[in-house]
Each structure stands twice: as structure tokens, then as C-alpha cells.
Amino acid sequence: MTPVRRSVAAAIRDALSTGETNAKVFAARAVARDWRLGRLAFAFDVPMPDRPNWPDGLELRLPGKMPKRGKMGTQGNRVALWHALAHIEFVAIDLALDMAGRFGESMGEDFVSDFLSVAADEAMHFALLARKLDSLGAPYGTLPVHDGLWSSAADTAHDVTARLAIVPMVLEARGLDVTPATLDRVRAQGDENGAKILERILDDEIRHVAFGSKHFHRICADSGWNPRETWQNLVEMYFWGALKPPFNDSARFAGGLPRDYYAAIA
């Protein structure tokens, strides 16, 4: 008798509900691996939580109440940079898991595969950054963090098209813009280990933006919508910040985001 496979939704929900950092890294990578190996059923028998669990003791502040980072140079500013990057990647694990678990049933198996692979990548990025912080004597959670990235997920929990437009095609695309300059500064300090981490993240994020763009454009094609106008309208509705240059046009284009999408509303 063939054993009943666990649902992919249940596995994703358990990973989202895991708060401890190392455990979440392992859980995200395990879900992606088990899905890839056919150990999980394409079934959505449990809902996703309204928000994921994060580590006990993590100090959450409003974005405007975060301490300001000065120019890199002091140990404190270096720690603040790597801590901010680690938090982005930690939240990105949950953003990718929630994308697959919340919208996978309607979007299909290819969508689930893409975003579980993103979750595994983000888990690896966080692990590298957490190790970097440990080497600086300041483990993740040493500094306060903000909830801005997850707020974007909450605002778009009802609409997969809006979620794709905002999370991969705005927030992750912004990472393509700012990472090269950060990489140059880190390398100029002689931190080759840090530079290699950022290079790895930049390469992976291009693919993540491309996954978002691919599924966004598929929805638009199936619905008969103009993708550029649809994206611009959704950004106006759901993104509370501003699209600020300079833009990494070549990386954005490689990720399926043409310049005429964002240049007109920057």
C-alpha cells in the first residue's frame, strides 16, 4: 500500500511557524528538497498563518524608528550593515514560503517549484550572513529590525498579481540596484569574504526577480491585461515608498523587468 504523502501546504506552514533561525533555515531547505524529490503532495489542506514566527527576543521597530547607519568604517557600522542584510534575507525566506503556500493551489506546480527554490536560496543567503555576523561578534538579533518587508506581504495577501508585482518586481529588484555599490564598498575595505557573499546574493536575486516576472506576465497574458500598465497601477496602489534611481538596468532586464516599466513612475 502506497503511503499517503504529506501536503506541501502543511510542510510550508510548519516552516513558516518555525521561529528559531537555524531551524527555519533547515525547514525551508527541507520543504524545497522534499518537494523537488516528489515527497510532498500538491495539496492545500491547511491555511497559511497571517504572519510567520520569528525569533524570540527580536526587537521590532517601525522603519522610521530604526537607528541610522553612518558611513561604513567603524565596527558598529559594519555590524549594522550586515545585520540589516541578514534581516532582509531572513524575512525573504518567509516571503517565498508564503508565496508558494498562499497562492500555489491556483497558480500550479511550476509556481510552487519556483518559489520553494527561492525560499531555499534565501535560507542559504541568511545562513551565510548569520555566519558573517557571528564572525563580527554580533549574532542576528543583536540589533533592532523593522517589519516593513512583511507589511508588503500582508497588504497583498489577497491578490497574487499584486504580491508578484510588489515583492519580486519591486522589493527584490531594489536589491539589484543597491547591491553592486555595497559590494564595491565592502571589497574596497578588503573584505573579500563579504564581497563573495554579496556576489552570490546578487546572482540569485536576478533569478528570483525573473520568477516573479514570469508568473506576473503569465497572469497578464491569461487575463488579457497590459502587463506594463498593470504593474504600474499595482505599484501605485500597494507600494508605499518611491522607486528611486539609480537603477541597475541590465540586471533588471535580465530579471524580466524592462526599463519602460519603472522609468516612467520613478
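Just so you know, these numbers come straight off a predicted model, no measurement behind them. (Residues numbered from 1 in each chain as written. Predicted model: local features only at pLDDT ≥ 70, side-chain atom pairs only at ≥ 80, totals over all residues. Heavy atoms only, no water.)

A. Region of the structure containing the layout of surface pockets. The volume enclosed by the second largest pocket comes to roughly 320 Å³. Surrounding the second largest pocket, 19 residues form its lining, Thr21, Asn22, Phe126, Ala130 and Asp134 being those nearest its centre. Within the residue set of the lining of the second largest pocket, elements represented by two or more residues are α2 (21-36) and α4 (109-135). The element that contributes the greatest number of residues to the lining of the second largest pocket is α4, accounting for six residues. For the lining of the second largest pocket, the residue count by class is 10 nonpolar, four polar and five charged. (1 Å grid on protein atoms, 1.4 Å probe; cavity = no way out; pocket = protein on both sides within 12 Å on 5 of 7 lines; lining within 4 Å. Points joined across faces, edges and corners; volume = space filled by probe spheres on them. Helix = DSSP H or I, 4+ residues; strand = E, 2+ residues; numbered from the N terminus. Nonpolar A, V, L, I, M, F, W, Y, C, P; charged D, E, K, R; others polar.)

B. Region of interest: helix α5 (residues 148-155). Every buried residue belonging to α5 is among Leu149, Trp150, Ser152 and Ala153, and all of these are buried. Looking straight down α5, one finds that the buried residues subtend no more than 150° of arc, so they occupy a single side. (Buried < 20%, exposed > 50% of the residue type's maximum accessible area, 1.4 Å probe, protein only. Arc of directions from axis to C-beta.)

C. Geometry of the packing of aromatic side chains. Summed over the entire model, instances satisfying the criterion amount to eight aromatic pairs. Seen from their ring centres, Phe90 and Tyr140 are 5.5 Å apart, and the 40° between their planes marks the pair as tilted. Pair noted here: Phe90 is in helix α3 (residues 75-107) and Tyr140 is in the loop between α4 and β4 (145-146), with a separation of 50 residues, a long-range link. For Phe90, a relative accessible area of 0% puts it in the buried group. Among the aromatic residues, those joined into a ring-pair cluster are Trp35, Phe42 and Phe44. (Phe/Tyr/Trp six-rings, centres within 6.5 Å; stacked < 30°, edge-to-face > 60°.)

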